[in-house]
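Each chain is listed here by its residues.
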Amino acid sequence: MKTISLDIRYEEYSSIEEMEHRDQALVREAIEAQKSSYAPYSKFNVGAAVRLEDGTFVRGSNQENAAYPSGLCAERTAMFAASAAHPGVPMEAIAIAGGFGHQVAKTPCSPCGACRQVMAEYQTLSGKPLSVIMFGTQRIWRFSKVDDILPFIFDSFNEK
Ligand code: THU
């Protein structure tokens, strides 16, 4: 038996201006996307934006429903919209911004497990790292690949 440890690194920024320009633009898209969130039940509004390899931005926001499980998170709304409208174009980065009452929270908005799994699949499909940016007004976290927020990814392609 041996004990194995994982070393996960990520960047923390204290303001959007510290980030690379293309990531700044993506974060601004996610903040803008929060405005279209429909979350009358949880009142937690989330915006997400995907940047494709060709520079296209695709926005998504959480959409809730009276039949609660029928709703969808902002991240999956954005990724599914990106894949539906631009099939096969690799997703380079995704940014997330969320908080109650259409305000962006101080702490970064961290994606749920189901959204991480979907990120993992699009990353595997493209064969290139998909970076994940979690935005908060006081700090911003940037992970350079999905593996860093979802170690031991379930991947049906593993067996091939
Ligand atoms: N939600 C997202 O859209 N993304 C996340 O990363 C976390 C949660 C949504 C789902 C639901 O509409 C609301 O936020 C409260 O959980």
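Let us look at the structure shown here. (Residues numbered from 1 in each chain as written. Predicted model: local features only at pLDDT ≥ 70, side-chain atom pairs only at ≥ 80, totals over all residues. Heavy atoms only, no water.)

1. Observations concerning the sheet that holds strand E2 (residues 44-52)
Part 1 of the argument: Judged by pairing direction, the sheet is mixed, and its 6 strands sit side by side in the order E1-E6-E5-E4-E2-E3 without closing on themselves. The open sheet has two edge strands with one neighbour each: strand E1 (11-13) and strand E3 (57-61). Geometrically, the sheet is characterised by an average inter-axis angle of 15 degrees between neighbouring strands, direction not taken into account.
Part 2 of the argument: In the sheet, strand E5 (residues 131-135) pairs with strand E6 (residues 140-143) via 4 bridges, with the strands oriented antiparallel. Bridged to Ile-133 within E6 is Arg-142.
Part 3 of the argument: Along the sheet, helix H1 (residues 21-33) contacts E2, E3, strand E4 (91-100), E5 and E6; its crossing angle with E2, the most-contacted strand, is approximately 145 degrees. (Pairing = 2+ DSSP bridges. Helix = DSSP H or I, 4+ residues; strand = E, 2+ residues; numbered from the N terminus. Axes fitted to C-alpha atoms, helices over the stretch in contact; angles between N-to-C directions. Contact = heavy atoms within 4.5 Å.)

2. Some remarks on unusual backbone geometry
Part 1 of the argument: Unusually for a residue other than glycine, His-102 sits at a positive phi of about 60 degrees.
Part 2 of the argument: Its location among the elements puts His-102 in the loop between E4 and helix H3 (113-126).
Part 3 of the argument: Despite not being glycine, Phe-152 shows a phi value in the positive range, around 60 degrees.
Part 4 of the argument: Along the chain, Phe-152 falls in the segment after E6.

3. Section: the pairing of E5
Where a strand is regular, its side chains alternate between the two sheet faces.
Part 1 of the argument: In terms of residue burial, E5 counts as a mostly covered element, since 5 of its 5 residues are buried.
Part 2 of the argument: By the alternation rule, side chains of E5 split into Ser-131, Ile-133 and Phe-135 and Val-132 and Met-134, which are all buried.
Part 3 of the argument: For the crossover from E4 across H3 to E5, the handedness is right-handed. (Buried < 20%, exposed > 50% of the residue type's maximum accessible area, 1.4 Å probe, protein only. Right-handed = clockwise from strand over helix to strand, strands pointing away.)

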